[in-house]
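Letter by letter, the chains look like this.
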Amino acid sequence: ALLGGCGSDTKTASASTSSQQQVLKVGTNPTYMPFEFMKEGGAQNYQGFDIDLANEIGKRLNMKVEIKSIPFDGLIPAIQTGEINMIASGMVITPERLQKISFSDPYYQVRLVMVVRKDENNVKAEKDIDGKVVGAQIGTTGAMLAKKHQGTTVNEFDTIPNMLTDLQNGNLQIVMLDEPVAKYYIQKMNMGNLKIVDLGLQNHELGIGVRKDDKELLAKMNEALKTLKENGEYAKLQQKWFGDIK
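Residues numbered from 1 in each chain as written. Predicted model: local features only at pLDDT ≥ 70, side-chain atom pairs only at ≥ 80, totals over all residues. Heavy atoms only, no water.

K.L.:
Would you mind going over the nonpolar core in detail, with residue names and values included?
P.N.:
If you look at the biggest cluster of nonpolar residues, it comprises 53 residues, and the most contacted ones within it are Phe-49, Leu-53, Ile-57, Leu-164 and Leu-177. Considering every element that reaches this core, the biggest residue donor is helix α8 (residues 215-230), with 6 residues. Ile-57 has contacts with Met-86, Ile-208, Met-221, Ala-224, Leu-225 and Leu-228, leaving out every residue within four places of it along the chain. Counting residues in each nonpolar core, the second largest holds 15 residues, with Met-114, Leu-145, Ala-146 and Met-176 among its members. (Core = buried A, V, L, I, M, F, W, Y, C linked by side-chain atoms within 4.5 Å. Buried < 20%, exposed > 50% of the residue type's maximum accessible area, 1.4 Å probe, protein only. Helix = DSSP H or I, 4+ residues; strand = E, 2+ residues; numbered from the N terminus. Contact = heavy atoms within 4.5 Å.)

K.L.:
Go over helix α9 (residues 233-242), please, and point to the residues and values.
P.N.:
Burial in α9 covers these residues: Tyr-234, Leu-237, Trp-241 and Phe-242. Here the buried residues of α9 occupy an arc of 95° about the axis, which is enough to place them on one side. For α9, the exposed residues lying more than 90 degrees away from the buried face are Lys-236, Gln-239 and Lys-240. Looking at the buried positions of α9, the neighbouring elements they touch are β3 (36-38), β4 (46-47), α2 (49-60), β8 (108-117), α7 (179-188) and α8. (Arc of directions from axis to C-beta.)

K.L.:
Got a sec to walk through the packing of aromatic side chains? Specific residues and values, please.
P.N.:
Inspection of the entire model under this criterion finds 11 aromatic pairs. Seen from their ring centres, Phe-49 and Tyr-108 are 5.6 Å apart, and the 65° between their planes marks the pair as edge-to-face. With Phe-49 in helix α2 and Tyr-108 in strand β8, the pair connects residues that are 59 residues apart, well separated along the chain. For the pair Phe-49 and Tyr-108, one class covers both residues: buried. An aromatic cluster is built from Tyr-32, Phe-35, Phe-49, Tyr-107, Tyr-108, Tyr-234 and Phe-242, whose rings are joined through pairwise contacts. Across from the ring centre of Tyr-234, 5.2 Å away, lies the NZ or CZ of Lys-229, which sits over that ring. (Phe/Tyr/Trp six-rings, centres within 6.5 Å; stacked < 30°, edge-to-face > 60°. Lys NZ or Arg CZ within 6 Å of the ring centre and 35° of its normal.)

Spelled out as structure tokens, the structure:
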């Protein structure tokens, strides 16, 4: 077994199939196009860049991948309790999160941006967040940043579509999102009445999360990521999910 030396981790977060193949239990919050989302018309129908990446890693570890939908702010508790043993959910590597879990080598870089309605011309700089009604997904770096601004009301959402609809309807003035996600929704999800403020608030590196004591899985996962980048499979996934987003 690949993870035989991981002690209790494999007992709590993995199981054997009839062929003795272990299970890689992957937690994700499938509301983050194009990184992770669900197809319409059926439960357990996950897709996206992170989903494909997790499946490719599972293949190289000879493990069966099982995807579990979990609210974003519940992902770290789920991995700490053994409900899952990997997080693939567009999660930014931060010092605060590194105190609780370990991360893979960074696999994607994004910048945090502000999204506003097209008729909004008074949001141009980070200081313009002050005093605004701002939307952000629960537990994200966007929510953390917005809360630091004076007089700001921060409404936190479970799902991005609901948040962006509130922005369209005038219930929010600003939404905080990572740029590839904002572009995907505006260009592909009929939200052309929104725009991105051309200002990067923060540059982020995304990582795949594992429990701190799951060192063998982390090492194998990093090796798998390296192989995927070297053999061109990673570039194919980038083109598939981000190639036509400008």
